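# Structural overview
Each chain, written out:
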Amino acid sequence: EPEVTQTPSHQVTQMGQEVILRCVPISNHLYFYWYRQILGQKVEFLVSFYNNEISEKSEIFDDQFSVERPDGSNFTLKIRSTKLEDSAMYFCASSPPGLENYEQYFGPGTRLTVT
Amino acid sequence: AQTVTQSQPEMSVQEAETVTLSCTYDTSENNYYLFWYKQPPSRQMILVIRQEAYKQQNATENRFSVNFQKAAKSFSLKISDSQLGDTAMYFCAFMKRYNNNDMRFGAGTRLTVKP
């Protein structure tokens, strides 16, 4: 069964450094998402992406964040200058085309630790 | 804005017993979807069950069923014949219909199944 994959599974970085989290959505999916979950807290929406542009973003997704689909398979989340409070689990998700194909398939997550 | 409330931070149940997890939500939308996700210690997000708001019939998936009360904006999850592998965090989530929107999650309920 096709699945969403994410790399790396764990990333440790120093405060102020740039990080890129990578996701490979399911191949025929057209909608892509990033969520984050700070340890012990709920999952929060960051951004959705469709047709090579951001379709929706939350207040968390400020100028430090950007997303890109550099080729036909990868979907990346970049954090320009990481802060301690960016430490969290980051989940990528994708959903297929069609108005009624609403289910989002989540990847296994990338644990980001900012020191 | 849509909000999702899970009022039970922690619950426990004996193996083979039945447990019900509560979820309420607030929205002015009429068309939407509701979900229950399971997050085991691996932190993978696993879809347990989903409900379309336009369907009156409660969704069931093997040992998992929901009690969807649209007027009361309530969406509880019932787990029958609880198994040790059901131990996890359970998140209720809401998504508007159409446009493959972002999902809004509740704070979660930590369920422990005791042998």
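Below is a summary of the structure that appears in this document. Just so we're clear, the structure is a prediction, and the values are computed from it rather than from any experiment. (Residues numbered from 1 in each chain as written. Chains lettered and ligands numbered in written order. Predicted model: local features only at pLDDT ≥ 70, side-chain atom pairs only at ≥ 80, totals over all residues. Heavy atoms only, no water.)

## Topic: the overall build of chain B
The condition is simple: Labels follow the DSSP assignment, with helices taken as runs of H or I lasting at least four residues and strands as runs of E lasting at least two, numbered in each case from the N terminus. Remark: exposure states derive from per-residue accessible area (1.4 Å probe, protein chains only) relative to the maximum for the residue type, with buried under 20%, exposed over 50%, and partly exposed in between. A contact between two residues is defined here by any heavy atoms of the two lying within 4.5 Å. All accessible-area figures derive from a Shrake-Rupley calculation using a 1.4 Å probe, and residue coverage is judged against the displayed protein chains alone. We treat Lys and Arg as the positive residues and Asp and Glu as the negative residues; His and chain ends play no part in the count. Throughout, a charge is located at the NZ atom of Lys, the CZ atom of Arg, the CG atom of Asp or the CD atom of Glu.
Each helix and strand counted, chain B has zero helices and twelve strands in total. On the principal axes, the C-alpha backbone points of chain B span a range of 40 × 25 × 20 Å. The buried share of chain B, reckoned over its 115 residues, is 50%. In chain B, the proportion of contacts linking residues at least 24 apart, taken out of those at least 6 apart, comes to 55%. Counting every atom, chain B has about 5500 Å² of accessible surface; 43% of that belongs to carbon and sulfur. Chain B carries 13 positive and 10 negative side-chain charges, and their two centres are separated by 5 Å.

## Overview of the packing of aromatic side chains
The line we're drawing: Whether two aromatic rings pair depends on their centres lying within 6.5 Å, for rings of Phe, Tyr and Trp, where Trp uses its six-membered ring; planes under 30 degrees apart make the pair stacked, over 60 edge-to-face, and the rest tilted.
Per the counting criterion, the structure on display carries 20 aromatic pairs over all chains. Here the aromatic rings of Y33 of chain A and Y35 of chain A are separated by 6.3 Å at their centres, their planes lie at 35 degrees, and the arrangement is tilted. Y35 of chain A matches Y33 of chain A in its accessibility class, with the two residues each being buried. Ring centres 6.3 Å apart and planes at 75 degrees place the aromatic pair F91 of chain A and F106 of chain A in the edge-to-face group. Of this pair, F91 of chain A sits in strand 9 (residues 88–95) while F106 of chain A sits in strand 10 (residues 105–106), and the two are 15 residues apart along the sequence. The burial state of F91 of chain A is the same as that of F106 of chain A; both residues are buried. Taken together, the ring pairs connect Y33, Y35, F45, F91 and F106 of chain A together with F35, Y37, F91 and F105 of chain B into an aromatic cluster.

## Comments concerning the sheet that holds strand 3 (residues 19–24) of chain A
All names here are of chain A. Note the cut-off: At least two bridges found by DSSP between two strands is the condition for calling them paired. Where helices are involved, their axes are fitted lines through C-alpha atoms of the stretch in contact, as for all axes, and angles between N-to-C directions lie from 0 to 180°.
The strand order across the open sheet formed by four strands is 1-3-8-7, and the pairing between neighbours is antiparallel. Bordering the open sheet on either side are strand 1 (5–7) and strand 7 (65–68), each of which pairs with just one other strand. Neighbour-to-neighbour, the strand axes of this sheet turn through a mean angle of 20 degrees, independent of strand direction. Here five bridges tie strand 3 to strand 8 (residues 75–79), and the two strands are oriented antiparallel to one another. Within strand 8, the position partnered with C23 by the bridge is F75.

## Describing the nonpolar core
All names here are of chain B. Formally: Buried Ala, Val, Leu, Ile, Met, Phe, Trp, Tyr and Cys residues form a nonpolar core when they are joined through side-chain atoms within 4.5 Å.
Counting 25 residues, the largest nonpolar core has Y25, W36, I49, F75, L77 and Y90 as its most contacted members. Among the elements of the structure, strand 3 (19–21), strand 5 (32–39), strand 6 (46–52), strand 8 (64–69), strand 9 (74–79), strand 10 (88–96) and strand 12 (109–114) are those that each provide at least two residues to this core. The element best represented in this core is strand 10, accounting for four residues. Not counting the four nearest positions on each side in its chain, Y90 is found in contact with Q6, L21, W36, Y37, K38, V48, F64, L77, I79, G108, T109 and L111.

## Side note on the state of the cysteines
All names here are of chain A. Inclusion rule: Whenever a pair of cysteine sulfur atoms sits within 2.5 Å, that pair is classed as a disulfide.
The tally for this structure, following the rule as stated, stands at two disulfides over all chains. A disulfide bridge connects C23 with C92, and the sulfur atoms are separated by 1.9 Å. Disulfide C23 to C92: torsion about the S-S bond roughly -65 degrees, handedness left-handed. Placement of C23 in strand 3 and of C92 in strand 9 is noted, with a sequence separation of 69 residues between them.

## Topic: the interface of chain A and chain B
Applicable threshold: Values labelled buried area give the accessible surface lost by two parts on being combined, using a 1.4 Å probe and summing over both. Think of a salt bridge as a Lys or Arg side-chain nitrogen and an Asp or Glu carboxyl oxygen that are within 4 Å of each other. As used in this structure description, the phrase polar contact means that two N or O atoms lie within 3.5 Å; if the pair is within protein, one of them must be able to donate a hydrogen and the other to accept it, and residues adjacent in sequence are counted only when both atoms belong to side chains. Here the term charged refers only to Asp, Glu, Lys and Arg, the term nonpolar to Ala, Val, Leu, Ile, Met, Phe, Trp, Tyr, Cys and Pro, and the term polar to all other amino acids, Gly among them.
Contacts between the two partners involve 25 residues from chain A and, on the opposite side, 24 residues from chain B. Interface area, chain A with chain B, both sides summed: about 2200 Å², of which 49% is carbon and sulfur. Viewed at the interface, chain B and chain A are joined by one salt bridge. Here E103 of chain A makes a salt bridge to R50 of chain B, at a shortest N to O gap of 2.3 Å. Applying the counting criterion to the chain A and chain B interface returns seven residue pairs in polar contact (both at pLDDT 80 or more). Put simply, the parts of the chain that give the side of chain A that touches chain B at least two residues each are strand 4 (31–37), strand 5 (43–50) and strand 9 of chain A. Ranked by the residues each element gives to the side of chain A that touches chain B, the list is headed by strand 4 of chain A, at four residues. Counted by class, the side of chain A that touches chain B contains 13 nonpolar, seven polar and five charged residues.

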